[in-house]
Amino acid sequence: MLRILLVEDNEMNRDMLSRRLQRRGYEVMIAVDGQLGVAMAKSQSPDLILMDMSLPVIDGWEATRTLKAAAETRHIPVIALTAHAMSTDRDRALEAGCDDYDTKPIELSRLLGKITALIGGGSEMASGADMAP
Ligand code: MN
């Protein structure tokens, strides 16, 4: 099963997104700040990281830079999530080493397309189950 690390400090966003991803056949791990996100990425080696950019302790940009500077984590794709749709935020995320970028509020089908492009579909999709939410 593909494993996604969700780094998100907002409890409501975290619960909703993790539930929806689990329903699509991904295993979801949670970190509630940037520092824990880096630590979990190193200890758990997820297949992909969804990184909120606005995070306590260290923000998503710094966490991503740290992950992309470390040999054991730099191969893990990171999708940045931010509330801002401005192109400067996209540029900043890509500069920090993020592999892709998406904006909140999350549109699940759009985000799933980006996740699938990087690591493939969850086990439900792989087995041909329907896409109903
Ligand atoms: Mn946040």
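Above this text is the structure in question.
This text gives an overview of the structure that appears in the document. (Residues numbered from 1 in each chain as written. Predicted model: local features only at pLDDT ≥ 70, side-chain atom pairs only at ≥ 80, totals over all residues.)

1. Some details on the overall build of the protein chain
1) Next: Secondary structure assignment for the protein chain yields six helices and five strands.
2) Next: Taken from N to C terminus, the helices and strands of the protein chain fall in the order β-α-β-α-β-α-β-α-β-α-α.
3) Next: Scaling as 2.2 N^0.38, a compact globule of 133 residues should have a C-alpha radius of gyration of about 14 Å, and the protein chain matches this with 14 Å.
4) Next: When the backbone C-alpha atoms are referred to their principal axes, the protein chain occupies close to 40 × 30 × 25 Å.
5) Next: For the protein chain, long-range pairs separated by at least 24 residues make up 59% of all intrachain contacts whose partners lie at least 6 apart in sequence. (Helix = DSSP H or I, 4+ residues; strand = E, 2+ residues; numbered from the N terminus. Rg over C-alpha atoms; globule rule 2.2 N^0.38 Å. Contact = placed C-beta atoms within 7 Å.)

2. Some details on helix α2 (residues 34–44)
1) Next: Along α2, the residues that are buried comprise Gly34, Gly37, Val38 and Ala41. Down the axis of α2, the smallest arc covering the buried residues is 100°, so these residues share one side. Pointing more than 90 degrees away from the buried face of α2 are the exposed residues Ser43 and Gln44.
2) Next: Tucked into the core, α2 has its buried residues touching β1 (3–7), β2 (27–31), β3 (48–52) and α3 (60–69). (Buried ≥ 20, exposed ≤ 12 C-beta atoms within 10 Å, placed from the backbone. Arc of directions from axis to C-beta.)

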